[in-house]
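Residues per chain, in single letters:
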Amino acid sequence: MARRVRIRRKLRVLVLMHQDLVPPDDTEGLTKEELAEFQTESDVVRGLTALGHEIRKLGLHDELAPLREDLDTWKPDIVFNLLEEFHGRPAYDHNVVSYLELKGVPYTGCNPRGMVIARDKALSKKILHFHRLNVPAFAVVPLGRRLRRPKSLTFPLIVKSLIEEASLGISQASVVHNDDKLAERIRFIHERVGSDSIVEQYIEGRELYVGVLGNHRLTVLPAWELRFERLPADAVPIATRKVKWDPATQERWQVYIQESELTGDDRRKVERTAKKIYRVLGLSGYARIDFRLDRDGRLFFLEANPNPDIAAESEFPSSGESAGMTYEEILQRLLTLGLHRAGH
């Protein structure tokens, strides 16, 4: 039985999301596929309501006027930020958070500076390399340019978008073994995704996802691991777009994300490294740090994801549950962190 979460006071919480993902008040009768579109938003609203807070949902697309109106008239105690893009651009989400800071309104999740640094996969790796943390060798290829591959970049390599998230543009073809395929994949990212590309050394090993909660005092959640039970012989174990979001691929390849079985030394290394990365990149609220643990026990940073998915059954809350926290407790913790960061 889930234990009741005790809160200090009832809050007015404005739940901010994309206008196409505002869940209906009554979801009864909707199919699983229909619910999946706004599962995170629905779960957060449900959880905050269960905590006893007063909730208002607000969907944004390309205008800040509705946000300004609700801030000025409804006067929320805090904004629960679920917005992942603005004006159709994922890279603009931090601007909305900056607006909240200018208005002096507390919000959940990461600060704008941390969001900008983490989104740029090359910048975050440069910063962490300076701090003597393991990162794959990499090179950035600006939009429309070609790569003259340096000797330090040896095959196999993986080609990604420099700034896009949710595995956009990543498929089995992203891992390349020769210069012709490398050039082809860079063109794909430039033309189909529409962003600069980053070419990284492909690290063979275990893929780990590590959740971190906090602003100054940090809580590292148990590491979760991407597992394949039926990976085809000619495939590589990476989190492609289909692996993350296509139920048919997940079923066919028997894809699981489950709590990782790490030795004591590896567990302590992961916890220590995740905390250092979180602080060095200036993150706050909550984030997920993605790693590869190679066969020699070396831990390589892949990317940081501020404000990761917190649908009730996603890996971040599931990891929190392994650490003894209910879903509602995680939501309440995020509210508290947002208020504390704002000095409330």
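Refer to the preceding data block for the structure.
A.B. asks: Before we go on, may I ask you to explain the nonpolar core in this structure?
C.D. replies: Soluble globular proteins tend to bury their nonpolar side chains together. In terms of nonpolar packing, the biggest core is built from 43 residues, with L67 and L283 touching the most fellow members. When sequence neighbours within four positions are dropped, the list of residues in contact with L67 reads L14, L16, L58, L60, V96, Y99 and L100.

A.B. asks: Just to check I follow, could you spell out the packing of helix 4 (residues 93–103) against helix 5 (residues 112–119) for this structure?
C.D. replies: When two helices pack together, you describe them by how their axes are tilted relative to each other and by the distance separating the axes. Here helix 4 crosses helix 5 at 165°, and the two axes come no closer than 9 Å. Classified by the interaxial angle, the pair formed by helix 4 and helix 5 is roughly antiparallel. Note on packing geometry: the crossing formed by helix 4 with helix 5 is left-handed. In contact with D93, H94, V97, S98 and E101 of helix 4, helix 5 contributes P112, M115, V116 and R119. Here the residues of the contact of helix 4 with helix 5 sort into four nonpolar, two polar and three charged.

A.B. asks: In this structure, what is going on with helix 2 (residues 39–50)? I would like to understand it.
C.D. replies: Given 3.6 residues per helical turn, the α-helix brings residues three or four places apart onto the same face. Taking 1.5 Å per residue as the helical rise, helix 2 with its twelve residues ought to reach 16 Å, and the 16 Å between its terminal C-alpha atoms agrees with that figure. If you check which residues of helix 2 are buried, you get T40, E41, S42, D43, V44, V45, G47 and L48. In the core, the buried residues of helix 2 are packed alongside strand 1 (12–18), strand 2 (54–60), strand 3 (78–81) and helix 12 (327–341). Where helix 2 terminates, the next one or two residues include G52, which has phi positive at roughly 95°.

A.B. asks: What should I look at first to understand the sheet that holds strand 1 in this one?
C.D. replies: The strands making up a sheet associate through backbone hydrogen bonding, with each pair oriented either parallel or antiparallel. Sheet architecture is open: three strands sit in the order 2-1-3, paired in parallel fashion. Both outer strands of the open sheet, strand 2 and strand 3, are each paired with one neighbouring strand and no more. Direction aside, the axes of adjacent strands within the sheet are offset by 25° on average. Each of strand 1, strand 2 and strand 3 is contacted by helix 3 (residues 65–73), which is oriented at about 160° to strand 2, the strand it contacts most.

Basis of the calculations
- Residues numbered from 1 in each chain as written.
- Predicted model: local features only at pLDDT ≥ 70, side-chain atom pairs only at ≥ 80, totals over all residues.
- Heavy atoms only, no water.
- Core = buried A, V, L, I, M, F, W, Y, C linked by side-chain atoms within 4.5 Å.
- Buried < 20%, exposed > 50% of the residue type's maximum accessible area, 1.4 Å probe, protein only.
- Contact = heavy atoms within 4.5 Å.
- Axes fitted to C-alpha atoms, helices over the stretch in contact; angles between N-to-C directions.
- Helix = DSSP H or I, 4+ residues; strand = E, 2+ residues; numbered from the N terminus.
- Parallel < 35°, antiparallel > 145°, perpendicular 65-115°, else oblique.
- Left-handed = near helix turned anticlockwise from the far one by under 90°.
- Nonpolar A, V, L, I, M, F, W, Y, C, P; charged D, E, K, R; others polar.
- Expected span 1.5 Å × (residues − 1).
- Pairing = 2+ DSSP bridges.

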